[in-house]
Amino acid sequence: MKRIIKQVAVLGSGVMGSRIAAHFAGAGLKVTLLDILNPNAKESTNPVERNKIVNEALATALKSSPSPVYYKDVIKHISTGNFTDDMKKVSEADWIIEVVIERLDIKQSVFAEVEKYRKPGTLITSNTSGIPIHLMSEGRSDDFKQHFCGTHFFNPPRYLRLLEIIPTKETKQEVVDFLMEYGDVILGKTTVLCKDTPAFIANRIGVFSIMSIMHLMDKLQLSIDEIEALTGPVLGRPKSATFRTADVVGIDTLVKVAKGVEENCPNDEAKSQFQIPVWLNKMIEHKWFGDKTGQGFFKKIKGADGKKEIFVLNLQTLEYEARKKSKFPSLEAAKPIEDLHTRIRTLAAGTDKAGDFIRKFHYGLFSYISHRIPEISNELYRLDEGMKAGFGWEIGAFESWDLLGVQTTVQAMKEAGVPVAPWVDTMLKKGISSFYKVENGQTQYYDLQKEAYINMPGGKAFLVMKNFADQTIWKNSACRTYHLGDDVLGLEWQTKMGSIGGEVLEGIQKSIALAEEKFKGLVISNEGANFSAGANVGLIFMLAAEQDYDDLDMAIRTFQQTMMRIRYSAIPVVVAPNGLALGGGCEMSMHADKVIASAETYTGLVETGIGLIPGGGGTKEFILRANDETHHGEPDNNTLKNRFFTIATAKVSTSAHEAFDLGFYRKGIDEIIINPGRRIARAKEAVLELYNKGYVMPIERNDIMAHGRLVMGSLFSGINSMWHAKYATDFDVVVARKLAYVMCGGDLTEPSLVSEQYLLNLEREAFLSLAAEKKTLERIQSILTTGKPLRN
């Protein structure tokens, strides 16, 4: 029977419950959020008073930053109530999720109430992070047990992509299969099937990683600052690294999970690693739990100048002190390396204390993950997916093992007295030397039961460009153009933050030319954290500072011509962004035939922040779109004004959904894919759909109504108001007036029809004139040196 989810009931409105409800609502579902009755309103008949707890919790969640919702109207999909008055509403739900306090007795009492109203066949799950799943369903009916399992979301649910699915022996297979697919396709999650073992997968491996680092730190006499430098982005981990992560999660929570594993996993060969160091126990005694108590491994302390500074805990003295920069030769050698794989190899090859730490940490990690198969999962790839989606690791543990060489690493581990699980030796003896491989564009993993490689699940729905490296059609030092199969090309580039320079523009032009010769179309995308943070501002700064305006003019012309080539080519071009898609990255999307955006795409034309206007066709495109949205050619329309202020204030969408409202994406044409892993495959499908419909190159526009002075005065008035209200500096006004001039088509005495090229010329001229301004150079220099914009 096909299962359809129309309505979800979320029981518990705490930090997790309210945000899970918001995420379901953002996916387009009707949600009922319930919590306990306000104890001070037992005698009241006023629903507002009786539902005070749930309503305040939801309001707090919606005000939090980052936002738990894709767009503000999501709140309309959520209704609230309390367990006493409204538990009967679970009868209307297709999926009931329990998210109450982590106590077995309370969860069991909630489930007892739920069963009074739940329809047979309705999904019932728990978001517990550690209570054994099978214990919670004790005493419930067979139908309840058959449709019950764990669904462990990670906080914050919108942003952390992991969803662990933990069935019991009684859970029906069709329920497990449904949740695995639904979590992936509809909720955008990396769904990881777990066994009902303590801490499941991600927390088991993640907490082991943190605890083993703490013990190793003591042995090697490393400081917190040194560990943070070695276990953060340089290793492909989040900026929060190790100890900042502990502060955010809660040191008390970390200790609770560690003790739970030590107590409940008597056969864990590394359970000594979960023992709490003396200094950590002292922190617990002092209630230094991290962010929730205002201090943990780090603490904000006000200096003599009144400004707050972050201090770090000295674990020997338990006193807070100023942070110190960590310097190791191997770390300094690795930092400038853009490629993560090369960076990790460089660190692991280090002969200093940092290199020693990296090797010993990985040896311990590799040993641990090898022994967890098949205890916590039958499939090794699930451990990697859990850590990448739940802890933000860019590379999984087994992937790291492959990177460092399984055979050589195992030999080194044995020499160091670090054991590996027998199945790894068996694998190596069979001549299989890696846990993963790529065949015909598909990632395969080593399966212990079959002792052979099998395809990762999901098949062609998860298309990874680098898997087509053997199908490289063209490349330069920044770009790669692959044949993705079915006569579709794929272009990606690997530059810092996806920045767009001359080589990227060359790659776009070349890829389109190749596609026009022999292929059906082109996908432009990548698998990086960010699609593109925009044009190479370093190049702009260099040319402007040297007053090399001819070369700067040529660079802007080339950028404009490349964007127009995306729009006007003989083949369909589909852009599939994720993460940041700013400036030139946004302009590229705006000129594509279609955009397939990840829900977590943050896009905008941000050039005014550095004293410029969008010069790659973005300004022109907003004028064109505003023109097409204008009814009957009315000159004084709000659409153009709204688009003007979107650029003038450098507004960036907080999601792909909001990008539609801001005008960056087109309703009815562009699409959102909630799971970013599916967007490149969908983009390829879109190319083929456009081709098979009989794609014809569009005709360049020369019918755009420019309103000239008629609208310019109104925009100038708005700029002046912002200046008087101190929302804009004097130089902001200079930039905004230039922008207004371009968006009105110049100093026209009456509305006139103009061409795209006419607007591009105006756009480029304004860009060049602003690039010559001293204050623009100051702003760009500030971005390049500090990473922060300057308001001058």
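For the structure itself, look to the data block above.
Residues numbered from 1 in each chain as written. Predicted model: local features only at pLDDT ≥ 70, side-chain atom pairs only at ≥ 80, totals over all residues. Heavy atoms only, no water.

A. Summary view of the overall build of the chain. Scanning the chain from N- to C-terminus turns up 32 helices and 25 strands. Along the longest, intermediate and shortest principal axes, the C-alpha atoms of the chain span 80 × 70 × 65 Å. As displayed, the chain has an accessible area near 34,100 Å², and 52% of this comes from carbon and sulfur atoms. Here the chain holds 95 positive side-chain charges and 97 negative ones, and the gap between their average locations is 3 Å. (Helix = DSSP H or I, 4+ residues; strand = E, 2+ residues; numbered from the N terminus. Areas by Shrake-Rupley, 256 points an atom, 1.4 Å probe, with all protein chains shown as cover. Lys, Arg positive; Asp, Glu negative; His and termini not counted. Charge placed at Lys NZ, Arg CZ, Asp CG, Glu CD.)

B. Structural detail: the sheet that holds strand 9 (residues 298-302). Strand order in the open sheet formed by three strands is 9-10-11, and the pairing between neighbours is antiparallel. One side of each edge strand has no neighbouring strand; the edge strands of this open sheet are strand 9 and strand 11 (319-322). Direction aside, the axes of adjacent strands within the sheet are offset by 50° on average. The pairing of strand 9 with strand 10 (residues 308-314) spans five bridges and is antiparallel. Note on strand 10: the bridge partner recorded for Ile301 is Glu309. (Pairing = 2+ DSSP bridges. Axes fitted to C-alpha atoms, helices over the stretch in contact; angles between N-to-C directions.)

C. How the structure looks around empty space enclosed by the protein. The tally for this structure, following the rule as stated, stands at one cavity of 30 Å³ or more. When its volume is computed, the largest cavity comes out at roughly 40 Å³. For the largest cavity, the lining is made up of 10 residues, of which Ile623, Asn627, Leu640, Met705 and His707 are closest to its centre. Residue assignment for the lining of the largest cavity shows that the elements contributing at least two residues are helix 25 (618-629) and strand 24 (704-706). For the lining of the largest cavity, the element with the highest residue contribution is helix 25, accounting for three residues. (1 Å grid on protein atoms, 1.4 Å probe; cavity = no way out; pocket = protein on both sides within 12 Å on 5 of 7 lines; lining within 4 Å. Points joined across faces, edges and corners; volume = space filled by probe spheres on them.)

D. Expanded view of helix 23 (residues 549-567). With 19 residues, helix 23 should cover 27 Å at 1.5 Å per step; its first-to-last C-alpha distance of 27 Å lies within 8% of that length. For helix 23, the full list of buried residues reads Leu552, Asp553, Ile556, Phe559, Gln560, Thr562, Met563, Met564, Ile566 and Arg567. (Expected span 1.5 Å × (residues − 1). Buried < 20%, exposed > 50% of the residue type's maximum accessible area, 1.4 Å probe, protein only.)

E. A look at the nonpolar core. By size, the foremost hydrophobic cluster in this structure holds 113 residues, and its most contacted members are Leu280, Phe297, Phe357, Phe398, Trp401 and Trp423. In contact with Trp423, not counting residues within four places along its chain, are Ser370, Ile373, Leu380, Phe398, Phe435, Tyr446 and Leu448. Listed in part, the 53 residues of the second largest apolar core include Leu543, Leu662, Ala740 and Leu762. (Core = buried A, V, L, I, M, F, W, Y, C linked by side-chain atoms within 4.5 Å. Contact = heavy atoms within 4.5 Å.)

F. View of unusual backbone geometry. A cis geometry characterises the amide bond from Ser65 onward to Pro66, with omega recorded as 0°. Note on placement: Pro66 falls in the loop between helix 3 (52-63) and strand 3 (78-82). For the bond from Ile373 to Pro374, the omega torsion is 5°, close enough to zero to count as cis. Position of Pro374 among the secondary structure elements: in the loop between helix 16 (353-371) and helix 17 (381-390). Positive phi outside glycine occurs at Phe200, with the angle close to 60°. Following the sequence through the fold, Phe200 ends up in the loop between strand 8 (190-193) and helix 9 (202-220). Judged by relative accessible area, Phe200 falls into the buried class, the value being 0%.

G. Layout of the pattern of salt bridges. This structure, assessed with the given rule, holds 46 salt bridges. Across the pair Arg764 and Asp553 runs a salt bridge, and its minimum N-O distance is 3.1 Å. Taken as a pair, Arg764 in helix 31 (residues 756-771) and Asp553 in helix 23 lie far apart in primary sequence, 211 residues in all. Just as Arg764 is buried, Asp553 falls in that class too. Glu629 serves as the salt-bridge partner of Arg643, at 3.3 Å between the closest nitrogen and oxygen. (Salt bridge = Lys/Arg side-chain N within 4 Å of Asp/Glu carboxyl O.)

H. The packing of aromatic side chains, seen in detail. Applying the stated criterion to the full structure yields 28 aromatic pairs. Between the aromatic rings of Phe357 and Phe361, the centroid separation amounts to 6.1 Å while the plane-to-plane angle is 10°, which identifies the pairing as stacked. A residue pair is termed a helical-turn pair when its members lie 3 or 4 positions apart in one helix, as Phe357 and Phe361 do in helix 16 at four residues. The exposure class of Phe357 is buried, given its relative accessible area of 0%. Plain terms: the ring middles of Trp423 and Tyr446 are 6.3 Å apart, the flat faces sit at 10° to each other, and that makes the pair stacked. (Phe/Tyr/Trp six-rings, centres within 6.5 Å; stacked < 30°, edge-to-face > 60°.)

I. Spatial organisation of the side chain of Lys684. Residue position: Lys684 is located in helix 28 (residues 679-692). On the accessibility criterion, Lys684 (11% relative accessible area) is buried. The contact partners of Lys684, leaving out residues within four places of it in the chain, are Leu463, Leu484, Gly485, Asp486, Val488 and Val523.

J. A look at the layout of surface pockets. In this model, the second largest pocket occupies a volume close to 1,000 Å³. Along the walls of the second largest pocket sit 39 residues, with Ala533, Gly534, Ala535, Asn536 and Val537 positioned nearest its centre. Of all the secondary-structure elements, those providing two or more residues to the lining of the second largest pocket are helix 21 (502-518), helix 22 (537-545), helix 23, helix 24 (584-591) and helix 32 (774-786). Partitioning the lining of the second largest pocket into residue classes produces 21 nonpolar, 15 polar and three charged. (Nonpolar A, V, L, I, M, F, W, Y, C, P; charged D, E, K, R; others polar.)

K. Focus on the state of the cysteines. This model, assessed by the stated rule, comprises zero disulfides. This cysteine, Cys265, is not joined by any disulfide, and Cys194 carries the nearest cysteine sulfur, 14 Å off. Considering cysteine sulfurs only, Cys586 is the nearest to Cys479, which forms no disulfide, with 19 Å between them. Residue Cys479 is classed as buried on the basis of its relative accessible area of 0%. (Disulfide = S-S within 2.5 Å.)

L. Examining helix 29 (residues 709-724) more closely. For helix 29, built from 16 residues, the straight-helix expectation of 22 Å at 1.5 Å per residue is met to within 8% by its first-to-last C-alpha distance of 22 Å. All buried positions along helix 29 are accounted for by Val711, Met712, Leu715, Gly718 and Ile719. The buried residues of helix 29 occupy an angular sector of 125° when the element is viewed end-on, so they sit on one face. If you follow the buried residues of helix 29, they end up packed against helix 26 (638-648) and helix 30 (730-743). Just past helix 29, the residue Lys726 takes up positive phi, approximately 65°. (Arc of directions from axis to C-beta.)

M. Representation of the packing of helix 23 against helix 24 in the model. Contact pair helix 23 / helix 24: the axes reach a minimum separation of 8 Å and the direction vectors enclose 30°. One finds that helix 23 runs roughly parallel with respect to helix 24. Residue-level inspection shows Phe559, Met563, Met564, Ile566 and Arg567 of helix 23 in contact with helix 24, the latter providing Gly584, Glu587, Met588, Met590 and His591. Residues of the contact of helix 23 with helix 24, tallied by class, amount to six nonpolar, two polar and two charged. (Parallel < 35°, antiparallel > 145°, perpendicular 65-115°, else oblique.)

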